Amino acid sequence: MRTAIIEKTARDLPVIPNWPDDRFVGAGFSWQAAAGVLSGLPDGGLNLAYEAVDRHADSARAGHPALRFLERNGSRRELSYLQLKRQTNRFANVLAKLGVAPGQRLFVLCNRGVELYLGVLGGLKNGCVVSPLFAAFGPEPLETRLSLGDCSVLLTSETLYRKKVAGMRAKLPLLEHVLLYDESGGHTQVDGTLDLHELLAVASEEFEIVPTTADSPSLLHFTSGTTGTPKGALHVHGAALTHYVTGKYALDLHPDDIYWCTADPGWVTGTSYGILAPLLLGVTSVIDCGDFDAERWYGILEKERISVWYTAPTAIRMLMKAGPELARRHFHPQLRFVASVGEPLNPEAVWWGKEVLGLPIHDNWWQTETGGIMIANLPAMPIKPGSMGKPLPGVEAAIVRHAEDGSLAILGDDEIGELALKQPWPGMFRTYLGQQDRYQRCFVGDWYLSGDLARRDADGYYWFIGRSDDVIKSAGHLIGPFEVESALMEHSAVAEAAVIGKPDSLLGETVKAFVSLKRGREPSEALHDELIGHARKRLGAAVAPKELEFLPSLPRTRSGKLMRRLLKARELGLPEGDTSTLENS
Ligand code: ATP
Ligand code: MG
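Residues numbered from 1 in each chain as written. Chains lettered and ligands numbered in written order. Predicted model: local features only at pLDDT ≥ 70, side-chain atom pairs only at ≥ 80, totals over all residues. Heavy atoms only, no water.

S.K.: Break down the site of ligand 1 for me, with residues and values.
M.R.: Ligand 1 sits among 22 residues. The nearest are Thr223, Gly225, Thr226, Thr227 and Thr368. Take Thr223: an N or O atom from its side chain is 2.6 Å from an oxygen atom of ligand 1. Residue Thr227 places a side-chain N or O atom 2.4 Å away from an oxygen atom belonging to ligand 1. Listed by contribution, the elements that provide at least two residues to the shell around ligand 1 are strand S14 (361-365) and strand S23 (462-467). Class assignment for the residues of the shell around ligand 1 results in seven nonpolar, nine polar and six charged. (Near = heavy atom within 4 Å. Polar contact = N/O pair within 3.5 Å; in protein donor to acceptor, adjacent residues only side chain to side chain. Helix = DSSP H or I, 4+ residues; strand = E, 2+ residues; numbered from the N terminus. Nonpolar A, V, L, I, M, F, W, Y, C, P; charged D, E, K, R; others polar.)

This is the structure:
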């Protein structure tokens, strides 16, 4: 395994000394001191959308491009901070005029496009709790979320409404208003709905933001559903500070950056870092409204002159699968920082970045619950490929084990245990909707328990072992799937690998691997044996897979995570459980 540390070159200069407003570093970080970077509402409250949009629109940066949409029809559309302020004010006025009160739930079910962003930001201005959903969800997952979330306003396109929502309207008695738009710019006329653009056209561009505070609920995000039924995590406006600080320290965003986050806002990454963090830091954010396509994506990096790129291991693996020649046909000298989140990033992928993109990829770790990045290979420090990095300023992490008396034992370096974070930080979720008990069970004293297993090395870097549910116990060994998958990924034929434990009367569990191959490689018995041999050599016979199966592709969530539990259920002939977030690729 390529374990060498990647030291930074002159091109990757540390971020921390470059910032003019670094009033809170040096003397040590505190959230209280950091809060000075936000303006607050004129009357003393705090509103995410005000911090993200109006604060810049009311400054010398008003004309700076805020959002640049690369639309599906090939056109480009840009909104400056001032235009975004006016448009989101219009949207907030539409809600206010309908009598939508602060705290009411607005669901946003949109393909990526201007309406989605106006809906989220305008909804926040009106004090609504906003929940963005994946447009690709089918009617069933939609109904579950809309009902659980007490949806009272829905913003969606006419096509999505007709296909997915119209039939279930009777089952959503709390849904008062449906705002519709036609994706090709025409008018909509559907019974029981309102035409968004007609309402926007007559709405005022002036809006007095509802006086929310740091503790007012802001966003409702459903988890990815990787380990079971998705949970609805409720966040607050105060999370603005987490988005700001992490956008700055973990993503290295500077005012002149052109930034691209590839995540859809239906997943928390696409909201925290696809909408809020870049706007909070006043940069230009590029939004690709299309689907993944390796060639087109390289083209975006080049043509849009992206300088900071935030993506996910699944996308990186797909680019790797497409081969290096494609990458080498594109030039992006302005690209200076690349980060990844969502799943462990195999060391192979970090090195691929260095060799093919010219930049190593910075892995970072967080969850829907944490609201923002908690642990990262920060720009300012060397990268340890395969590690999640170190806790951010203001984040205290530990590896813990439950002691018998119910308390937590804090473990030392190199011991494996559950990754825990000390409360509070501003982006922290405030409950799981309708599951207060489950929420309470996430905490022991001041510690929030993540459900992930990890270890910390002597240099303070954290290493992901696996989700507690995915870890395999075989003949007394604790095997993290990530380690085995990373070893398989080192083989030149392997595009993706997922590993599960199968019950075994003798060993407890045995390791089974599922592998999909790179373009141009075909499954064969010889390759099967070669891969098992490779894993044995790398990991030893006790840890290497005993069985290996080729699949054309591996099951993933819509946020791109491998669904090991589904592979396991299928393997063992058990019910598949909640598959509402499964991507049918
Ligand atoms: P659910 O909670 O419904 O099972 P989920 O945990 O996948 O879904 P998210 O909140 O989207 O939902 O994902 C957070 C999880 O993703 C983390 O707990 C961790 O297991 C995994 N993860 C995120 N980033 C990383 C990373 N850099 N390295 C390893 N794992 C990561
Ligand atoms: Mg989770």
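Having seen it, we continue.
S.K.: Which residues make up the UniProt feature "domain: AMP-dependent synthetase/ligase" (unreviewed entry) in the chain, and what are the values?
M.R.: Those residues carrying the UniProt feature "domain: AMP-dependent synthetase/ligase" (unreviewed entry) are residues 60-433 in this numbering. The span residues 60-433 shows a helical share of 30% and a strand share of 24%, and its end C-alpha atoms are spaced 40 Å apart. (UniProt positions renumbered as here; feature names shortened; annotations may be inferred.)

S.K.: Lay out the domain arrangement of the chain in plain terms, naming residues and giving numbers.
M.R.: Once the domains are mapped, the chain shows domain 1 (10-456) and domain 2 (469-572). Between domain 1 and domain 2, the C-alpha centre-to-centre distance is 31 Å. At the junction of the two partners, domain 1 supplies 25 residues and domain 2 supplies 25 residues. Taking both sides of the interface into account, the surface hidden between domain 1 and domain 2 amounts to around 2,200 Å²; carbon and sulfur atoms contribute 59%. A per-residue breakdown of the area domain 1 buries against domain 2 is headed by Thr226, Arg317 and Lys321, which together make up 26% of the total. (Domains from an automatic or database assignment. Contact = heavy atoms within 4.5 Å. Buried area = accessible area lost by both parts, 1.4 Å probe.)

S.K.: Before we move on, could you go through the confidence of the model for the chain and cite the residues and values that matter?
M.R.: Close inspection of predicted coordinates is inappropriate in any region flagged by low pLDDT. Chain-level statistics for the chain give a pLDDT mean of 93 and a share of 96% at 70 or above. If you check the scores for this complex, the pTM reads 0.93 and the ipTM reads 0.99. (pLDDT = per-residue confidence, 0-100.)

S.K.: Describe the state of the cysteines, with residues and values.
M.R.: On inspection of all chains with the given rule, the structure shows zero disulfides. This cysteine, Cys151, is not joined by any disulfide, and Cys128 carries the nearest cysteine sulfur, 10 Å off. (Disulfide = S-S within 2.5 Å.)

S.K.: Any details on unusual backbone geometry? Residues and values, ideally.
M.R.: Residue Pro424 is bonded to the preceding Gln423 through a cis peptide linkage, with omega at -10 degrees. Inspection of the secondary structure assignment puts Pro424 in the loop between strand S19 (417-422) and strand S20 (431-432). The backbone phi angle of Asp150 is positive, close to 50 degrees, even though this residue is not glycine. Note that Asp150 resides in the loop between helix H5 (139-148) and strand S5 (151-157). In this model, Arg305 sits at a positive phi of 55 degrees, which is unusual for a non-glycine residue. Its location among the elements puts Arg305 in the loop between helix H10 (294-303) and strand S12 (308-311).

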